[in-house]
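What follows is the residue order along each chain.
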Amino acid sequence: MRVHFTVNGRPQEADDVWEGESLLYVLRERLGLPGSKNACEQGECGSCTVRLDGVPVCSCLVAAGQVEGREVVTVEGLADYAKERSCGTGACGTTLQDAQQWQAKPASDSQTGEGTELSPIQQAFIDAGAVQCGFCTPGLLVAADEMLEHNPNPSDADIREALSGNLCRCTGYEKIMDAVRLAAARQAEGV
Amino acid sequence: MDFLRPASWEEALAAKAEHPTAVPIAGGTDVMVEINFDHRRPEYLLDLNRIGDLAEWEVGEDTVRLGASVSYTRIMQDLRAELPGLALASHTVASPQIRNRGGVGGNLGTASPAGDAHPALLAAGAQVEAESAARGTRLIPIDEFYTGVKRNALQPDELIRAVHIKKADGPQQYSKVGTRNAMVIAVCAFGLALHPQTRTVRTGIGSAAPTPVRAKTAEDFLNAALEEGGFWDNGKIITPSVAKQFAELCSGACNPIDDVRGTASYRRHAVGVMARRTLTWAWESYRGARRASEGAA
Ligand SMILES: Cc1cc2nc3c(=O)[nH]c(=O)nc-3n(C[C@H](O)[C@H](O)[C@H](O)COP(=O)(O)OP(=O)(O)OC[C@H]3O[C@@H](n4cnc5c(N)ncnc54)[C@H](O)[C@@H]3O)c2cc1C
Ligand code: FES
Ligand code: FES
């Protein structure tokens, strides 16, 4: 079947989709957006987290056909999504091509994030050292960004709750907590 | 496989009548796991996401008519006052991502003995609104809904439209045993609701029998003991011996198995502990509310 939906603000269409296929598979294999990770395919790890009509969901548990006509934001569109949220014009979005070519540090420094545009939460993850192998990172970024959108001043308990569906095997979570606190503090200062 | 996308409830019922083997998919948090792991290869998937009514609820005089696809997140956020037991149970389900998608209709469809909605529904009192194109609507009492391990009373051509749940008329509690707080399938679970209007207490037990069950003997014992001691009127602390016997009878209502999550004897023990605790917590808030209203009067 064919599925039409909006990805990172732009209309897209996926062809030859198998009826039992997940949104995660469509994003990764049909649209060439491997940012959302596939680790468990059973909702346990959160590494496939995307926003569906604004709501964080495990894309591995959404059937492709269920997203027809709906809006999906992936980690590749997060920087633009955050920018649009703060600029508010609604005319932004990420082209599929841009999203496919997205990388954290193009030609420049891969430690600091200089040289590419990052969302505040992405920058905070780098600055706080919250990324080790990075497999969990895209899902955490999407979940954390959504929380900060609704709850700009989260308590530690709020952060833990919001990220309770995202597993990380490397960091022990403390640096992730630091990163989210940092992003919240910067957001409050308007940096 | 065919993917059916009815745009209305009537179309969904017609599709289910035409293809009784079609598997409805709401939040997909049970169905997609089975498909991803090739445990299930249905001929038809019947998507319910386009039917907006299923994600809505109506608060009536005595009951809440909860659309089958209202997410756990919405129940926690918007129905805490009317359905406190179910809201507490919802909060224990998995993670935010899962709670944003999953709902009570899917929990009932799966009818796992570990489903967290069930003990809360049993304790509150509920009826499942099932509908078919051929026979229209029927209300299935929650006590008759669970018919076996992962089996329910739905006919092949029926869909769940909503669940009618009694609005809380007193404190409700929900307790669940697991290895940590998030993302845990219950080792066992216990729901309890005080119903001061009818002077009854109702219970629901999860993961400790082939189906979710009420501890009816324990309820009968407690209802009689509370009545006899005038507890509803005098608001006294429940006698420890009464609480203890209630707990033992709740353990006795279990028919658990040994599995990877826990042994049968652990489950029986834990249900007793949760029964005593939830009764104590709920009774304390009942007493607190009584004192507050007397103080105001
Ligand atoms: C990681 C993970 C953790 C989980 N943790 C918990 C937990 O802690 N507690 C818990 O209770 N559950 C848990 N679950 C299971 C699941 O999330 C729940 O059972 C949820 O309520 C299912 O709802 P859904 O809308 O996603 O159902 P779906 O997967 O869409 O459907 C489930 C079943 O119900 C049927 N169905 C759905 N809607 C209808 C309808 N309107 N009429 C008739 N049949 C219908 C479907 O055909 C299917 O058989 C977990 C699942 C995952 C993936
Ligand atoms: S891959 Fe979706 S939750 Fe793990
Ligand atoms: S950084 Fe490796 S899983 Fe989180």
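Residues numbered from 1 in each chain as written. Chains lettered and ligands numbered in written order. Predicted model: local features only at pLDDT ≥ 70, side-chain atom pairs only at ≥ 80, totals over all residues. Heavy atoms only, no water.

1. Observations concerning the domain arrangement of chain B
Residue and element names in this part refer to chain B.
Alright, step 1. For chain B, the assigned domains are domain 1 (2-166) and domain 2 (172-296).
Alright, step 2. A C-alpha centroid distance of 25 Å is found between domain 1 and domain 2.
Alright, step 3. If you look at the interface, domain 1 gives 27 residues, while domain 2 gives 29 residues.
Alright, step 4. Between domain 1 and domain 2 the total buried area reaches about 1900 Å² when both faces are included, carbon and sulfur atoms providing 61% of it.
Alright, step 5. Our enumeration of links across domain 1 and domain 2 arrives at four salt bridges. (Domains from an automatic or database assignment. Contact = heavy atoms within 4.5 Å. Buried area = accessible area lost by both parts, 1.4 Å probe. Salt bridge = Lys/Arg side-chain N within 4 Å of Asp/Glu carboxyl O.)

2. Re the environment of Asp30(B)
Residues and elements named next belong to chain B.
Alright, step 1. Along the chain, Asp30 turns up in the loop between strand S2 (23-25) and helix H2 (31-36).
Alright, step 2. A residue is classified by how much of its surface remains accessible, and Asp30, at 35% relative accessible area, is partly exposed.
Alright, step 3. Along the sequence, Asp30 and Ile165 sit 135 residues apart, while their C-alpha atoms lie 23 Å from each other. (Helix = DSSP H or I, 4+ residues; strand = E, 2+ residues; numbered from the N terminus. Buried < 20%, exposed > 50% of the residue type's maximum accessible area, 1.4 Å probe, protein only.)

3. Section: the pairing of strand S1 (residues 3-7) of chain A
Residues and elements named next belong to chain A.
Alright, step 1. Within S1, four of the five residues are buried, which leaves it mostly tucked inside the rest of the structure.
Alright, step 2. With five bridges joining them, S1 and strand S2 (residues 10-14) adopt antiparallel strand pairing. From the neighbouring strand, Val3 faces S2, where its bridge partner is Ala14.
Alright, step 3. Strand direction decides the pairing type here: S1 and strand S5 (residues 71-73), joined by two bridges, are parallel. Residue pairing for S5: Val7 is matched across the bridge by Val72. (Pairing = 2+ DSSP bridges.)

4. Side note on the side chain of Gln97(B)
Alright, step 1. If you trace the backbone, Gln97(B) turns up in helix H5 (residues 96-101).
Alright, step 2. A polar side-chain atom of Gln97(B) sits 3.0 Å from a polar atom in the side chain of Thr49(A).
Alright, step 3. Reaching out from Gln97(B), the side chain makes a polar contact with the side chain of Asn166(A) at a distance of 2.9 Å.
Alright, step 4. Discounting chain neighbours no more than four positions away, the residues touching Gln97(B) are Gly46(A), Thr49(A), Pro56(A), Val57(A), Cys58(A), Ala143(A), Gly165(A) and Asn166(A). (Polar contact = N/O pair within 3.5 Å; in protein donor to acceptor, adjacent residues only side chain to side chain.)

5. Examining helix H7 (residues 117-124) of chain B
Residue and element names in this part refer to chain B.
Alright, step 1. Buried residues dominate H7, accounting for eight of its eight residues.
Alright, step 2. Burial in H7 covers these residues: Ala117, His118, Pro119, Ala120, Leu121, Leu122, Ala123 and Ala124.
Alright, step 3. At the C-terminal side of H7, Gly125 shows a positive phi close to 95 degrees.

6. What about the site of ligand 1?
Alright, step 1. Contacts to ligand 1 come from 38 residues, most closely from Pro24(B), Thr29(B), Asp30(B), Tyr72(B) and Asp116(B).
Alright, step 2. In this structure, ligand 1 sits where chains A and B come together, each supplying nearby residues.
Alright, step 3. Take Gly28(B): an N or O atom from its main chain is 2.8 Å from an oxygen atom of ligand 1.
Alright, step 4. One of the side-chain N or O atoms of Thr29(B) is found 2.6 Å from an oxygen atom in ligand 1.
Alright, step 5. Summarising the interface, the protein chains cover 93% of the accessible area of ligand 1, which totals 970 Å² for the free molecule.
Alright, step 6. Those elements that provide at least two residues to the shell around ligand 1 are S2, H2, H5, helix H6 (104-110) and strand S10 (159-166) of chain B. (Near = heavy atom within 4 Å. Areas by Shrake-Rupley, 256 points an atom, 1.4 Å probe, with all protein chains shown as cover.)

7. Points about a negative patch on the surface
Alright, step 1. A contiguous patch of negative charge on the surface is contributed by Glu10(B), Glu11(B), Asp53(B) and Glu56(B).
Alright, step 2. Along the chain, Asp53(B) turns up in the loop between strand S3 (44-47) and strand S4 (57-59). (Patch = residues over 30% accessible without salt bridge, like charges linked within 9 Å, V, L, I, M, F, W, Y side chains within 5 Å. Lys, Arg positive; Asp, Glu negative; His and termini not counted. Charge placed at Lys NZ, Arg CZ, Asp CG, Glu CD.)

8. A few points about the pattern of salt bridges
All names here are of chain B.
Alright, step 1. Evaluated as defined, the whole model comprises 35 salt bridges over all chains.
Alright, step 2. Among the salt bridges present, the one from Arg40 reaches Glu34, with a minimum N-O distance of 2.7 Å.
Alright, step 3. Among the residues examined, Arg40 registers a relative accessible area of 33% and is labelled partly exposed.
Alright, step 4. The partly exposed category is assigned to Glu34, whose relative accessible area is 28%.
Alright, step 5. For Lys244, the salt bridge identified is with Glu248, shortest N-O distance 3.6 Å. Remark: Glu248 and Lys244 occur in helix H10 (residues 240-252); sequence separation between them is four residues, near one turn of the helix.
Alright, step 6. With a relative accessible area of 52%, Lys244 lands in the exposed category.
Alright, step 7. Residues joined in a network through salt bridges with shared partners are Asp143, Arg202, Arg214, Lys216 and Glu219.

9. Describing the domain arrangement of chain A
Residue and element names in this part refer to chain A.
Alright, step 1. By the assigned domains, chain A splits into domain 1 (3-74) and domain 2 (77-86 + 115-189).
Alright, step 2. Domain 1 and domain 2 are separated by 21 Å when their C-alpha centres are compared.
Alright, step 3. Counting residues at the interface gives 16 residues for domain 1 and 16 residues for domain 2.
Alright, step 4. Linking domain 1 with domain 2 are two salt bridges, by the criterion used here.

10. Considering the UniProt feature "domain: FAD-binding PCMH-type" (unreviewed entry) in chain B
Alright, step 1. Look at the UniProt record and you will see "domain: FAD-binding PCMH-type" (unreviewed entry) annotated at residues 1-170 of chain B.
Alright, step 2. Helix makes up 31% of residues 1-170 of chain B and strand 26%, whereas the separation of the span's terminal C-alpha atoms amounts to 48 Å. (UniProt positions renumbered as here; feature names shortened; annotations may be inferred.)

11. Regarding the sheet that holds S2(B)
Residues and elements named next belong to chain B.
Alright, step 1. The strand order across the open sheet built from three strands is S1-S3-S2, with neighbouring strands paired in parallel fashion. One side of each edge strand has no neighbouring strand; the edge strands of this open sheet are strand S1 (2-4) and S2. On average, each strand axis in the sheet is tilted by 30 degrees relative to the strand beside it, whichever way the strands run.
Alright, step 2. In this sheet, S3 lies alongside S1 in parallel orientation, the contact comprising three bridges. (Axes fitted to C-alpha atoms, helices over the stretch in contact; angles between N-to-C directions.)

12. Structural notes on the confidence of the model for chain A
Alright, step 1. Of the residues in chain A, 90% have a pLDDT of 70 or more, and the chain-wide mean is 91.
Alright, step 2. Scored below 50 in pLDDT, residues 107-113 of chain A shows 12 contacts in the model against residues more than four places distant or in partner chains. (pLDDT = per-residue confidence, 0-100.)

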